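A closer look at the structure
The residues making up each chain are set out below.
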Amino acid sequence: MSRLFHVVEAQQFDPELLTRIFQMAGEMEQVVQHYGSNILSRRVMASLFYEPSTRTRLSFESAMIRLGGDVITTENAREFSSAAKGETIQDSIRVVAGYADVIVMRHYQSGASKAASEVSPVPVINAGDGAGQHPTQALLDIYTIQREIGHLDGIKVAMVGDLANGRTVRSLCYLLSKFKDPVIYFVSPPVVRMKDDIKEYLTRHGVMFQEVEDLYDVTPIVDVIYQTRIQRERFGDRIAEYDQARGKYIIDKSVLDTMQDHAVIMHPLPRVDEIDPAVDQDPRAAYFRQAHNGLYVRMALLRMLLGGR
Ligand code: CP
């Protein structure tokens, strides 16, 4: 049976471990309804965030507190931790590991969490590393798909938007490949197509995927539209490329009209203008339920990492 220690990349999870995380997340929903637990009392979580976050940082911190643990945090570590004085990630992690039982880290460089995990005696959780991965987001995404659609085998997902810079879609591809016969449609402007390493991985693992230009070709057939934001912050001074990418695929009422009744719209959030707020009222808009599921999944991870199950 696989045991969790570091959570660095989505590939590390196998179906058996995913089943256990989902079962535990279900238990955590009950824990929240009953006003929390003390199972992690006297345990400390450090959250080190070198990039902005609302959902990931606050849901991890809420998860730890709801399980009776404590939190130490730096929400702008790039500026307000000793990284600003030139300290390496490795040295920061060696030090923080002496203060905390688990470290949740978001960083602007792909691979930073892996580097941290290589020197850390306590579990490191990757809370997003540049344009690399966001494995806990992918866990809550497939938990959401399971809950909303009722199955993961044979699932048809359209990933839409900034697929080149989106770490959530990369991690989600890795996790979907753990299930039977998924079909993935990549719908993106040409300048932000899904990168070759993911397409090669999917091919090696026998996952069907297709690159599509017209969103309306797939909206009537998919179970999930997974919309993403065009990430302005990843373009630097490549303004012309950003302008080519933005505003191409907007989820609005005309998209809703073509979707199946059981299908859902998901988004890792934050959104800017890629989902019309008028869509929020439709029961198929699952993105706020998805964000709430992050609490249960992250409680489950902390419980399994620190609570002995
Ligand atoms: N989905 C997500 O990672 O959101 P935050 O950037 O707010 O954490």
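For the structure itself, look to the data block above.
Here is a short report on the structure shown in this document.

Rules and cut-offs
- Residues numbered from 1 in each chain as written.
- Predicted model: local features only at pLDDT ≥ 70, side-chain atom pairs only at ≥ 80, totals over all residues.
- Heavy atoms only, no water.
- Helix = DSSP H or I, 4+ residues; strand = E, 2+ residues; numbered from the N terminus.
- Buried < 20%, exposed > 50% of the residue type's maximum accessible area, 1.4 Å probe, protein only.
- Contact = heavy atoms within 4.5 Å.
- Core = buried A, V, L, I, M, F, W, Y, C linked by side-chain atoms within 4.5 Å.
- Domains from an automatic or database assignment.
- Near = heavy atom within 4 Å.
- Polar contact = N/O pair within 3.5 Å; in protein donor to acceptor, adjacent residues only side chain to side chain.
- Areas by Shrake-Rupley, 256 points an atom, 1.4 Å probe, with all protein chains shown as cover.
- Nonpolar A, V, L, I, M, F, W, Y, C, P; charged D, E, K, R; others polar.
- Pairing = 2+ DSSP bridges.

What about the side chain of Ser120?
With respect to the element layout, Ser120 can be found in the loop between α5 (112-119) and β4 (124-129). Looking at Ser120, the relative accessible area reads 9%, which means it is buried. Apart from the residues within four sequence positions on either side, Ser120 is in contact with His6, Ile93, Ala97 and Ile103.

Some details on the nonpolar core
Of all hydrophobic cores here, the largest spans 65 residues; its most connected members are Phe13, Ile21, Ile142, Met159 and Leu302. Looking at this core element by element, the count peaks at 10 residues for helix α11 (residues 287-306). Lining this core are residues from two domains, each supplying at least three of them: domain 1 (10-133 + 293-307) and domain 2 (135-290). Once residues within four sequence positions are removed from consideration, Ile21 is found in contact with Phe13, Leu139, Ala300, Leu301 and Met304. Grouped together as the second largest cluster of nonpolar side chains are 22 residues, Ala158, Val160, Ile265 and Val279 included.

Re the site of the ligand
Neighbouring the ligand are the residues Ser53, Thr54, Arg55, Thr56, Arg106, His134, Gln137, Pro268 and Leu269. At 2.9 Å, a side-chain N or O of His134 approaches an oxygen atom of the ligand. Within the contact set of the ligand, a nitrogen atom lies 3.0 Å away from a side-chain nitrogen or oxygen of Gln137. Coverage of the ligand by the protein chains reaches 92% of its 250 Å² of free accessible surface. Class assignment for the residues of the shell around the ligand results in 2 nonpolar, 5 polar and 2 charged. Two domains each put at least three residues into the shell around the ligand: domain 1 (10-133 + 293-307) and domain 2 (135-290).

A few points about the pairing of strand β8 (residues 224-227)
Of the two faces of β8, both are covered, the one formed by Val224 and Tyr226 as well as the one formed by Ile225 and Gln227. Relative to strand β9 (residues 264-266), β8 is paired through 3 bridges, and the arrangement is parallel. Counterpart to Val224 in the pairing with β9 is Val264.

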